[in-house]
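# Structural overview
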Amino acid sequence: MSIREHSSIQAVRTEGRIARNRVRDSLPSFPGVPYLYILPFFIFFAVFLAFPVVYTLYLSFFEYHGVGEGFLFAIDLGVFAVEVPRISNVEFVGLENYTRMVGDGLFWLSMWNTVIITVFQMPLMVLVSLGVALALNASFIKLSGLQRTLIALPVSANFVAYSTIFLMIFSEQFGLANYVIQLVGFEPIAWQSDRWWARVMLAITLDWRWMGYNMLILFAGLQNIPGRLYEAAEIDGASAWQKFRYVTVPQLKPMLLFVIVLSTVGSMQLFSEPFIITEGGPSNSTITILYYIYDQAFVYFNLGYASALTYVLVGVVTALSIIEMKIGGED
Amino acid sequence: MTSIELDSVNKIYDSEGGEICAVNDMDLEIQEGEFLVFVGPSGCGKTTTLRMIAGLEDVTTGTIEFGDEDVTDLRARDRDIAMVFQDYALYPHMSVRDNIGFGLRLSTDIPESEIASMVEETAEMLGIEDLLPKKPSDLSGGQQQRVALGRAIIREPSVFLLDEPLSNLDAKLRDSMRKEIMELQQQLGITSVYVTHDQTEAMAMSDRVAVLNDGELQQCGPPEDVYRNPTNQFVAGFLGSPSMNFLEATVSSDGDTVTFNGDADFVYHSEASSIAEALGDRNRCTVGIRPEDLVVGAESGFNVTVTVVEAMGDENVVYAQVGDAEIRARVDSQHRLSAGDDILLGFDDDNVYLFDAETGDSLRTKDLDSAEETEKRITSPER
């Protein structure tokens, strides 16, 4: 007889439960107390997420003139007064912030830069991470766990630290990248002064950082594909390529879609790398949309315009994600 | 349709604790169009053998031939086989229609329109034509198994392999699918190898049954032969439900009478010459009696105390204890027995099986007339 089935232990457990229930039932209950327990979450949610989201939308219809003075409104109840201070000194401008974008060359350029970097970076990363995940999933690979950890490690690198190192690697005169390129007999590449190579450099930097992370997601997906399906396909006469095409890809589709959407969203929000490595140059060719929003908000203090840009970016990212999911066939 | 021949097939796995022999020196010939069932307890090597025939598992040593062709080193996709898996292994992202037609699309140049009509035909044969547009996740276990069967038979393979295809189904569905698979196999006449741990399934379905234990083929023959003339104690105990009763006994002989003395009250005197002959000069052996051959209320026999009675309706299965041994008897339900009753169980000389106490080899089986004939069919009688 196992301990679990032992009658005296059963009795103790039952008695303990009954006693606990009796204590609970005898305590007075206050209505609404449960809500108190979940309140901290809602306070943090409201202050740090809900309020900024709503206030940004509000701000996008105003022009910002500085920190607010005085009160937005005050209610005098005789005994005491409620006074809501003015956060900012703003002036209502309607849709002007949005219409301003149409004629803003730098907005279009930063949008274009972001899209170009995404177009270089995302497919390359998905292909490389899929390839690495497939290789690590192969049965003949030794120390797969250690290799996975090493490959995924860059994701924990500090933004500034790794960006600085890539700045050195891609230094046109003294960098490791050009040294290797010259070693194998090619001309050095103008990573910092050519607008296209600067974008490619950012794409490579991003791929280095995020490839391991995406590889892990795809690897987990691969591990979840039942081996039986490959056996069934083998018996049905499938070659290695056909097994990949008709079993691996469809089975991995949700993970692939996740990686693609997440990478697109991430690339569209690119900021730290161009800020540190290229500082937006050469000639604004690596200014990303988020970089531009940052400049507008915290360099020029055009908070209203920056808010409007932010909402446009949210719209673009949402639209792109929806398109990707529609193409991916995710219901 | 082809014959299959396994010649000294071994399968050895490397593991941390050394080598594990999953299949040991298996010799077996499966005739064209035959329905052969591998049966045995978990880990006996039956699935491994099937997977080696399929080409999903490498053969360590030995050869496998389909007809005159050596397929030992051929890949599964080049062997012209079809397989039904225990968990069906349908492609979850494809419709039933695509699942069934997938193999044809990959391995033949049959035009799409013809594949479509072949799929319809197969589905109709299996009664799943309504399910064609559905995905496997929308189907019940029985329906999924039908789709898996359809996927296997549409290609008209020369060998049809089934790996415990019914074990995920409930009892009632299992019975009806069992019948359907048998009908299908008879209709198509494809050489079929079926793996199961369920001896009832093995007995009911097979042309020949191959009993495996610890990676070794114990006996192979028509189910009734194997049931009546088991080659050793393992086979005798494995086939039949409830399983055969075994009583260890010392043997003493006094003129024409042989006396068996077992645990507790088990004493058995026999004057049958065949029993004395089978024993030779042994002074110990194991006596085997099938539960259906035990009779309640016989004139002579041995006393037992009933421990449990399972009422089956038409009959009762009575469990009783003799010393350390448990005795199972199938008795007519008119005997109203209950736990604690003392009863006398008797049996006929003709129904006695004898096994060597050390090796477990059969010394005497039930049907003496056919024993010699069966001996010839046994491919690997040695343990």
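Residues numbered from 1 in each chain as written. Chains lettered and ligands numbered in written order. Predicted model: local features only at pLDDT ≥ 70, side-chain atom pairs only at ≥ 80, totals over all residues. Heavy atoms only, no water.

### Remarks on the overall build of chain A
Looking only at helices and strands, chain A has 13 helices and four strands in total. On C-alpha atoms alone, chain A measures out to a radius of gyration of 28 Å, which is more than a quarter above the 20 Å that the 2.2 N^0.38 rule sets for 331 residues. In terms of principal-axis extent, the alpha carbons of chain A reach across some 85 × 75 × 40 Å. Summarising the internal contacts of chain A: among those between residues at least 6 apart in sequence, 68% fall at separations of at least 24. As displayed, chain A has an accessible area near 19,900 Å², and 69% of this comes from carbon and sulfur atoms. Distance between charge centroids for chain A: 16 Å, based on 18 positive and 23 negative side chains. (Helix = DSSP H or I, 4+ residues; strand = E, 2+ residues; numbered from the N terminus. Rg over C-alpha atoms; globule rule 2.2 N^0.38 Å. Contact = heavy atoms within 4.5 Å. Areas by Shrake-Rupley, 256 points an atom, 1.4 Å probe, with all protein chains shown as cover. Lys, Arg positive; Asp, Glu negative; His and termini not counted. Charge placed at Lys NZ, Arg CZ, Asp CG, Glu CD.)

### Re the UniProt feature "domain: ABC transmembrane type-1" (unreviewed entry) in chain A
UniProt annotation of "domain: ABC transmembrane type-1" (unreviewed entry) refers to residues 111-324 of chain A when read in the numbering used here. Summarising residues 111-324 of chain A: 76% helix, 0% strand, and an end-to-end C-alpha distance of 19 Å. (UniProt positions renumbered as here; feature names shortened; annotations may be inferred.)

### A closer look at unusual backbone geometry
The omega torsion of the bond from S241(B) to P242(B) falls at -5 degrees, within 30 degrees of zero and hence cis. Position of P242(B) relative to the elements: it lies in the loop between α8 (233-238) and β11 (245-254). You will see that N284(A), though not glycine, has its phi angle at about 60 degrees, which is positive. Looking at where N284(A) falls in the secondary structure, it is placed in the loop between α11 (272-278) and α12 (289-299). The exposure class assigned to N284(A) is partly exposed, which follows from its relative accessible area of 32%. Of note, D214(B) is a non-glycine position whose phi angle comes to about 50 degrees, a positive value. Here D214(B) lies in the loop between β9 (208-213) and β10 (216-221). Taking the relative accessible area as the measure of exposure, D214(B) reaches 58% and is therefore exposed. (Buried < 20%, exposed > 50% of the residue type's maximum accessible area, 1.4 Å probe, protein only.)

### Re the sheet that holds β10(B)
Residues and elements named next belong to chain B. Taken in spatial order, the six strands of this open sheet run β6-β7-β8-β3-β9-β10, and their pairing is mixed. Single-partner strands in this sheet number two, and they are β6 (81-84) and β10. On average, each strand axis in the sheet is inclined to that of its neighbour by 15 degrees, with strand direction left out of account. Inspection of the sheet shows β6 paired to strand β7 (residues 159-163) by four bridges, in the parallel sense. Its bridge partner lying in β7, A82 is registered against F160. Strands in contact with helix α4 (residues 141-153) are β6 and β7; relative to β6, the strand with the most contacts, it is inclined by about 175 degrees. (Pairing = 2+ DSSP bridges. Axes fitted to C-alpha atoms, helices over the stretch in contact; angles between N-to-C directions.)

### Description of the domain arrangement of chain B
Residues and elements named next belong to chain B. Looking at chain B, the domain boundaries give domain 1 (4-231) and domain 2 (234-364). Here domain 1 and domain 2 have C-alpha centroids that lie 38 Å from each other. Where domain 1 abuts domain 2, roughly 1,200 Å² becomes buried across the two surfaces, and 68% of that area is made up of carbon and sulfur atoms. Looking only at domain 1, the three residues that lose the most surface to domain 2 are Q199, Y227 and P230, adding up to 51% of its buried area. Our enumeration of links across domain 1 and domain 2 arrives at zero salt bridges. Run the count over domain 1 and domain 2 and you get six residue pairs in polar contact (both at pLDDT 80 or more). For the side of domain 1 that touches domain 2, the elements supplying multiple residues, two or more each, are α6 (199-205), β9, β10 and α7 (223-228). Residues that form the side of domain 1 that touches domain 2 fall into these classes: eight nonpolar, seven polar and one charged. (Domains from an automatic or database assignment. Buried area = accessible area lost by both parts, 1.4 Å probe. Salt bridge = Lys/Arg side-chain N within 4 Å of Asp/Glu carboxyl O. Polar contact = N/O pair within 3.5 Å; in protein donor to acceptor, adjacent residues only side chain to side chain. Nonpolar A, V, L, I, M, F, W, Y, C, P; charged D, E, K, R; others polar.)

### Some details on the side chain of E164(B)
All names here are of chain B. For E164, the location among the structural elements is in the loop between β7 and α5 (171-188). Only 2.8 Å separates the side chain of E164 from the side chain of H197, close enough to count as a polar contact. Ignoring sequence-local partners within four residues, the contact set of E164 consists of K46, Q86, V195, T196 and H197.

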